[in-house]
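Single-letter residue listing:
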Amino acid sequence: GTVKARKAAESFLLPIILDVARKELQEEMRAYRVLKNTSDLRFPHEWYPKARLMRRRIIFHGGPTNSGKTHHAINRLVEALPEKGGGLYCGPLRLLALEVYERLNSLGVQCDLITGQEQRVLAFSTHLSCTIETISTEREYDVAVIDEIQMLAHEERGSAWTRALLGVRASEVHLCGGMEAAHVVEALCKQTGDDFELRNYERLSPLEVADESLRGDYSKIEPGDCVVAFSRADIFAIRKEIEKRTPYKCCVVYGALPPETRSQQARLFNEEDTGYDVLVASDAIGMGLNLNIRRLVFHNTVKQTRSGVEVLPATLVKQIGGRAGRKSSRYGAGIVTAWQDRDLAYVRAVMERDIPSITKVGIFPSAEQVERFAESMHRLDAGAAAAEGADGADGTAAAPAP
């Protein structure tokens, strides 16, 4: 009988309580609905309604390093029509954005540059080259190129690629990256209703893993070699060691260098008869920079991250190793090796196997979502404070603890 009585009381009281709540708590209920909607991250493709109004053509250029995939995409970017919004390039590094900016302007295509550190805005520009985090999902373009699309699985930065893929407003979007991202991108395109096209590329020049490492001896460095290290201290220590033990002078390239200095160092290494025959660089060179590298030497295969020391992921090893022997360089083939035997064993194992397909991508709420969430929380807090004040004025507030 008790259960039946409780159900009867609930069915009688609930409509009354809801009716009072609708009259007295309208603002709080509205804030709660906004709070609920903005914290629902299950359908990120719905965060970009302007992009969803378009039926975009997504072209995936997939393949290993030095396969020409980015070259084909940039050629299409050059042809983007100014009257339809021009073209957009977005990449993972300032170095890459600067490289594309310089290339387009050298071809007579007026292009701006926007990164987190600098802006170069030209009069009457039709194109924009930028880093991935700085793209606008409001401006409309004719052609957009999103480079290194496999980065959408990156734990820290992946959400920027997902945002660009789902939100960029361009009739034609060219994605460049490893084939491991093809399936997840196609699945996202089915959700957005966009057309998906896959273009598969093969490497244009041979690449092999050396039989031996340098066995800890930098006197074995030769012209055209590039040593990759993962801290600035290591980079400068290696340069000093090479210049001490060999007759060769070294250029250095790493992410924190000013753009002009990086470009100068890359040019000194790329061009013949400059007196600089060896490059010591960070993993920044793995992201598409065009360098005349004969042999790529891994100083080690571990990297210091925010969460501690970690082994290099297979994707990064393949990207960096693949920089050796690009087709347009003066070297017909590329070689990959390491400073120590233990690292060469890991490099060989990675280079000989395929990278598994990506199954998860990064997402992060937009600034607008965070702002709406904060406003709704403020309204709820204000409503609760007002209710407490009213209770106090009526003398019904709870007595303070002794």
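Structure: see above.
Because the structure is a prediction, the values reported are computed rather than measured.

J.: If you had to explain the overall build of the protein to someone new, which residues and values would you point to?
T.: In terms of regular secondary structure, the protein is built from 12 helices and 16 strands. For the protein, the C-alpha radius of gyration of 28 Å lies well beyond 21 Å, the compact-globule estimate for 402 residues. Based on the C-alpha atoms only, the size of the protein along its principal axes is roughly 90 × 60 × 40 Å. Across the 402 residues that make up the protein, the buried fraction comes to 45%. Sequence-distant contacts in the protein: of pairs separated by 6 or more residues, those separated by 24 or more amount to 76%. Summed over all atoms, the accessible surface of the protein reaches about 21,000 Å², with 53% contributed by carbon and sulfur. Here the protein contributes 52 positively and 55 negatively charged side chains, and the mean placements of these two sets differ by 2 Å.

J.: Let's hear about helix α9 (residues 259-270): which residues, and what values?
T.: The terminal C-alpha atoms of α9 lie 16 Å apart, and with 12 residues this matches the ideal 16 Å at 1.5 Å per residue to within 8%. Buried within α9 we find Pro259, Arg262, Ser263, Gln265, Ala266, Phe269 and Asn270. Down the axis of α9, the buried side of the element spans an arc of 165 degrees, and every buried residue falls inside it. Buried-residue contacts for α9 involve α5 (94-106), β4 (119-120), β10 (225-228), β11 (249-253) and β12 (276-281).

J.: I'd like a description of the pairing of strand β6 (residues 140-146), backed by residues and values.
T.: Counted residue by residue, β6 has six buried out of seven residues, so it is predominantly covered. Sheet analysis places β6 next to strand β7 (residues 169-177), joined by six bridges and oriented parallel. Along β7, the bridge assignment pairs Glu140 with Arg169. Between the parallel elements β6 and β7, the chain passes through helix α6 (residues 158-167) in a crossover that is right-handed.

J.: Outline the pairing of β12, supporting the account with residue identities and numerical values.
T.: As paired strands, β10 and β12 are joined by three bridges and run parallel to one another. Bridge assignment links Val228 to a residue of β12, and that residue is Ala281. Here β11 runs beside β12; their pairing, made up of five bridges, is parallel. Looking at β12, one finds that Lys249 is bridged to Tyr276.

J.: Report on the sheet that holds strand β13 (residues 295-298), specifying residues and quantitative values.
T.: Pairing within the open sheet is parallel, and its six strands lie in the order β9-β16-β13-β10-β12-β11. The open sheet is flanked by β9 (207-209) and β11, the only strands paired with a single partner. Strand-to-strand, the axes of this sheet are offset by a mean angle of 25 degrees, without reference to chain direction. Alignment of β10 against β13, held across four bridges, turns out to be parallel. By the bridge assignment, Cys226 is partnered in β13 with Leu296. The sheet contacts of helix α8 (residues 232-245) involve β10, β11 and β12, and relative to β11 the element is tilted by about 170 degrees.

J.: I'd like to hear about the packing of helix α10 (residues 314-321) against helix α11 (residues 341-351), residue by residue, with values.
T.: Between α10 and α11, the shortest axis-to-axis distance is 9 Å and the interhelical angle comes to 95 degrees. What the angle tells us is that α10 and α11 run roughly perpendicular. Contact residues: Ala314, Val317 and Lys318 in α10; Tyr346, Val347, Val350 and Met351 in α11. Per-class residue counts for the contact of α10 with α11 are six nonpolar, no polar and one charged.

J.: Quick one: what's the story with the packing of aromatic side chains, residue by residue and with numbers?
T.: Across all of its chains, the model carries three aromatic pairs by this definition. With a centroid separation of 6.4 Å and 50 degrees between ring planes, the pair formed by Phe60 and Phe196 is classed as tilted. One end of the pair, Phe60, is in strand β1 (residues 57-62); the other, Phe196, is in strand β8 (residues 195-200), with 136 residues separating them in the sequence. Of the residues examined, Phe196 reaches a relative accessible area of 23% and is grouped as partly exposed.

Thresholds, definitions, all that
Residues numbered from 1 in each chain as written. Predicted model: local features only at pLDDT ≥ 70, side-chain atom pairs only at ≥ 80, totals over all residues. Heavy atoms only, no water. Helix = DSSP H or I, 4+ residues; strand = E, 2+ residues; numbered from the N terminus. Rg over C-alpha atoms; globule rule 2.2 N^0.38 Å. Buried < 20%, exposed > 50% of the residue type's maximum accessible area, 1.4 Å probe, protein only. Contact = heavy atoms within 4.5 Å. Areas by Shrake-Rupley, 256 points an atom, 1.4 Å probe, with all protein chains shown as cover. Lys, Arg positive; Asp, Glu negative; His and termini not counted. Charge placed at Lys NZ, Arg CZ, Asp CG, Glu CD. Expected span 1.5 Å × (residues − 1). Arc of directions from axis to C-beta. Pairing = 2+ DSSP bridges. Right-handed = clockwise from strand over helix to strand, strands pointing away. Axes fitted to C-alpha atoms, helices over the stretch in contact; angles between N-to-C directions. Parallel < 35°, antiparallel > 145°, perpendicular 65-115°, else oblique. Nonpolar A, V, L, I, M, F, W, Y, C, P; charged D, E, K, R; others polar. Phe/Tyr/Trp six-rings, centres within 6.5 Å; stacked < 30°, edge-to-face > 60°.

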